[in-house]
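Chain by chain, the residues run as shown.
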Amino acid sequence: MSLTNKTPESQVESLFNELAPNYDSMNSLISLGLHRKWRRIAMKELHHLRGAFVIDVCCGTGDWTVALAKAVGPAGRVVGLDFSEDMLAVAKKKIAAAGVSDRVTLVSGDAMELPYADDEFDVATIGFGLRNVPDANRVLAEMVRVVHPNGQIESLETSKPTSPLLKLGWWGYFKIVPVMAQFAVGKYREYSYLQQTAKQFVTAKQLAQMFRKAGMTNVSYRLLTFGAAALHLGRAEKSE
């Protein structure tokens, strides 16, 4: 099976099901553990989470879902949505271990067609998912649709360092990621695909423009670790 950024959804779903058992350990290895720091920064940028209703799109193995569940407290609710059943199975165990099962609902669903009504959520997040969907613009538009007017929308995604020297080193590192994955878990092809999607995804500036196009105001972004990742924030622009 050849995997590119044009790979059908069914094949991408199969890929993430295969990655699920080793996804967390490999994510830590590939990001050098920085993904945890990036997520903590992202959480600090979200406001008024206590008692909020939040959807975590492309929730994967649930790390951000758990963090959100702790932040909303017993009075809040969090939906973690992903198309990979195997990823959701891992997330379910984490949620139970964290003691937040009472406020989390895991849903198998399509990020491009969220199974929720308009204006249902206070906050929508997506972490390291936009680069792996067939149509990132459609996902952003769906996130805007399901949050209430002025609701918060946040994306955490790998990005591209701005310094030519750092960019050279970053992409050089990404080239060896599939080799690392082959030695660690025997998954060269799968991590080669993830390396491709990271390289082919838009710049932080372009993603900010996509936020605006999707119907967001107060759009801002912050580069993390010299541009290795980017945190984007926006508010849903709707008539009250």
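Structure: above.
Residues numbered from 1 in each chain as written. Predicted model: local features only at pLDDT ≥ 70, side-chain atom pairs only at ≥ 80, totals over all residues. Heavy atoms only, no water.

Novice: I tried to follow the nonpolar core on my own but got confused; where do I start?
Specialist: The nonpolar side chains of a soluble globular protein tend to be buried, and buried together. Formed by 33 residues in total, the largest nonpolar core has its most connected members in Ile-55, Val-57, Val-139, Leu-140 and Ile-153. Contributing elements (two or more residues each) for this core: strand S1 (53-57), strand S2 (77-82), strand S4 (121-127), helix H6 (136-146), strand S5 (147-158), helix H9 (204-213) and strand S6 (216-224). When residues in this core are grouped by element, the largest group, 6 residues, is from H6. Those residues in contact with Ile-55 that lie beyond four places of it in its chain are Val-79, Leu-114, Tyr-116, Phe-121, Val-123, Ala-124, Thr-125 and Val-146. In this structure, Leu-49, Val-78, Leu-156 and Leu-233 belong to the second largest nonpolar core, which totals 25 residues. (Core = buried A, V, L, I, M, F, W, Y, C linked by side-chain atoms within 4.5 Å. Buried < 20%, exposed > 50% of the residue type's maximum accessible area, 1.4 Å probe, protein only. Helix = DSSP H or I, 4+ residues; strand = E, 2+ residues; numbered from the N terminus. Contact = heavy atoms within 4.5 Å.)

Novice: How should unusual backbone geometry be read in this particular structure?
Specialist: Comment: phi is negative for the bulk of residues other than glycine, and the bulk of peptide bonds are trans. Here the phi dihedral of Asn-150 falls at roughly 70°; this positive angle occurs in a residue that is not glycine. Position of Asn-150 relative to the elements: it lies in strand S5. Asn-150 sits in the partly exposed class, given a relative accessible area of 38%. Although it is not a glycine, Asn-218 adopts a positive phi angle of roughly 50°. You can see Asn-218 is positioned in strand S6.

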